[in-house]
Amino acid sequence: MNMWDPFAIAAAAGASIFTLGYLYRVYRNKQWGYCDSKSNLSGKVFVITGANSGLGKATVEQLCARNATVVMACRNIAEGQEVAKKIQKKYPSSVVTVKHLDLSSLASVHHFAENLLQEYPKIDCLVNNAGVYMPDKEARKTADGFEIHFGVNHLGHFLLTNELLERIKESAPSRIVVVSSMLHEKGNIDFENLNFEKEIPESRRGAGAGYCNSKLANGLFAWELSKQLEDTDISVFALCPGWVYTGLFRNSRIPWYGYVAMLPIAFLFMRGPKSGAQTILYCATSESLEGRKWGFFRDCKPYESKALQRCGLDTAKKLWDVSAKLVKLVK
Ligand SMILES: NC(=O)c1ccc[n+]([C@@H]2O[C@H](COP(=O)([O-])OP(=O)(O)OC[C@H]3O[C@@H](n4cnc5c(N)ncnc54)[C@H](OP(=O)(O)O)[C@@H]3O)[C@@H](O)[C@H]2O)c1
Ligand SMILES: *[C@@H]1O[C@H](CO)[C@@H](O)[C@H](O)[C@H]1NC(C)=O
Ligand SMILES: *[C@@H]1O[C@H](CO)[C@@H](O)[C@H](O)[C@H]1NC(C)=O
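Residues numbered from 1 in each chain as written. Chains lettered and ligands numbered in written order. Predicted model: local features only at pLDDT ≥ 70, side-chain atom pairs only at ≥ 80, totals over all residues. Heavy atoms only, no water.

A. Quick look at the sheet that holds strand E7 (residues 294-298). If you walk across this open sheet you meet the eight strands as E3-E2-E1-E4-E5-E6-E7-E8, and the pairing is mixed. Strands with a single pairing partner mark the edges of an open sheet, and in this sheet they are strand E3 (95-100) and strand E8 (301-302). In this structure, strand E5 (residues 174-179) lies alongside strand E6 (residues 234-240), joined through six bridges in parallel fashion. Bridge assignment links Ile176 to a residue of E6, and that residue is Val236. Taken strand by strand, helix H3 (residues 77-90) contacts strand E2 (69-74) and E3, and its axis lies near 180° from that of E3. (Pairing = 2+ DSSP bridges. Helix = DSSP H or I, 4+ residues; strand = E, 2+ residues; numbered from the N terminus. Contact = heavy atoms within 4.5 Å. Axes fitted to C-alpha atoms, helices over the stretch in contact; angles between N-to-C directions.)

B. Spotlight on the site of ligand 1. Neighbouring ligand 1 are 28 residues; Asn52, Arg75, Asn129, Tyr211 and Thr246 lie closest to it. One nitrogen or oxygen atom from the side chain of Lys215 is found 2.9 Å from an oxygen atom belonging to ligand 1. Contact with the protein chains covers 96% of the free accessible surface of ligand 1, which is 890 Å². One can see that ligand 1 is located within the largest pocket. Taken together, the residues of the shell around ligand 1 sort by class into eleven nonpolar, 13 polar and four charged. (Near = heavy atom within 4 Å. Polar contact = N/O pair within 3.5 Å; in protein donor to acceptor, adjacent residues only side chain to side chain. Areas by Shrake-Rupley, 256 points an atom, 1.4 Å probe, with all protein chains shown as cover. 1 Å grid on protein atoms, 1.4 Å probe; cavity = no way out; pocket = protein on both sides within 12 Å on 5 of 7 lines; lining within 4 Å. Sits in = over half its atoms within 2 Å of the grid points. Nonpolar A, V, L, I, M, F, W, Y, C, P; charged D, E, K, R; others polar.)

C. Region of interest: unusual backbone geometry. Put simply, Ala172 and Pro173 share a cis peptide bond, and its omega is 5°. With respect to the helices, strands and loops of the structure, Pro173 is situated in the loop between helix H5 (148-170) and E5. Positive phi values are uncommon outside glycine, yet Cys300 reaches one of about 55°. Checked against the element boundaries, Cys300 lands in the loop between E7 and E8.

D. Inspection of the side chain of His157 at higher detail. Along the polypeptide, His157 turns up in helix H5. Given the relative accessible area of 3%, His157 is considered buried. At 3.0 Å, the side chain of His157 and the backbone oxygen of Asn153 are in polar contact. Once you skip the residues sitting within four places of it in the chain, His157 turns out to touch Thr49, Leu103, Asn128, Asn129, Ala130, Val152 and Phe221. (Buried < 20%, exposed > 50% of the residue type's maximum accessible area, 1.4 Å probe, protein only.)

E. Spatial organisation of the nonpolar core. Grouped together as the largest cluster of nonpolar side chains are 55 residues, with contacts concentrated most on Leu116, Leu164, Ile176, Leu220 and Leu225. Listed by contribution, the elements that provide at least two residues to this core are strand E1 (45-49), E2, helix H4 (106-119), H5, E5, helix H6 (209-228), E6 and helix H10 (306-326). A total of ten residues in this core trace back to one element, the largest contributor, which is H5. Formed by 33 residues, the second largest nonpolar core is a distinct cluster that contains Ile48, Val96, Cys125 and Leu281. (Core = buried A, V, L, I, M, F, W, Y, C linked by side-chain atoms within 4.5 Å.)

Honestly, that's just the spatial picture; any functional story needs more than this.
Given below as structure tokens:
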């Protein structure tokens, strides 16, 4: 074969690009961080929302690999049970149950919490993982009339956490883990327009403003919660799991060529659910976080959130008070 054959050159170039891409991927993988904890979780109760798919499912699987007791809080019970059955079979020393929870309905949150408290005398860790992403122009509302992202991602979890709080306190040392996102940095809390009653400003359209705002609300909620729990032995950790291929953008109607164009980007920059679940697992289980009460994490390392600094604790407290009114929290 002639070395200068155009075909050979193209093949060599392709192979080099592929190899470089692959090496880059291996390098990225190292940076993403892995949960260091390998301890026995037997008898420890973890409650995780949105556990039937994506990051939630991957987290359940890895908790069960270490013999945990896991309650999967799912909107889609049938799918949840399917997943639970497989995991239980794979890890017979774990205990997996599925319970119905639809975060877009406050009544469902009440019902779930009531039922859970009856059955579980102890909750060692609550993981607020469920999340929805929808194009803002669809202007979807929850059953109680809240903007869909604010209602599901923030308010539903706000109520759930509060309703389980006494039990989590009794189970201390315990943890509350809030899955936020790097996109919280693009979020904004406008108390005059929490439910998008007003037009979304031109400059913020198309950026998924509702989603970003809800992820910022997640961060502020966790921060304020950690302040309120300063005298307890509950730790509160917020985190970004990284950019992970899951079904999160299933409502975005991306055309097939969009997916094809995304392939190289996904290969180079996105992680799989198992890798994405690492920071969640780290916050939920790592011994190296023992004694630490609060933090925002990314890649299993502390992350300095600019948005939380920009908003400040005043905004976090105000968001708490407004949320308590909206969900009619009784204290
Ligand atoms: N993927 C990423 O790149 C990325 C990046 C940063 C942060 N996150 C965050 O990671 C978390 C998990 O997302 P994912 O990527 O794993 O996406 P996913 O596969 O779409 O999982 C989201 C989960 O939330 C559940 N959920 C949605 N609406 C719900 C409701 N009203 N009530 C109860 N459960 C509901 C979904 O249930 P159904 O199956 O019934 O819809 C699903 O189990 C989210 O909080 C997301 O914001 C993801
Ligand atoms: C889980 O339980 C099995 C069976 O009892 C045991 O062999 C295994 O070591 C346990 N795993 C951990 C991480 O403790
Ligand atoms: C794991 O912990 C449980 C409860 O503390 C204990 O009964 C069990 O023997 C432990 N298993 C292993 C493999 O260490």
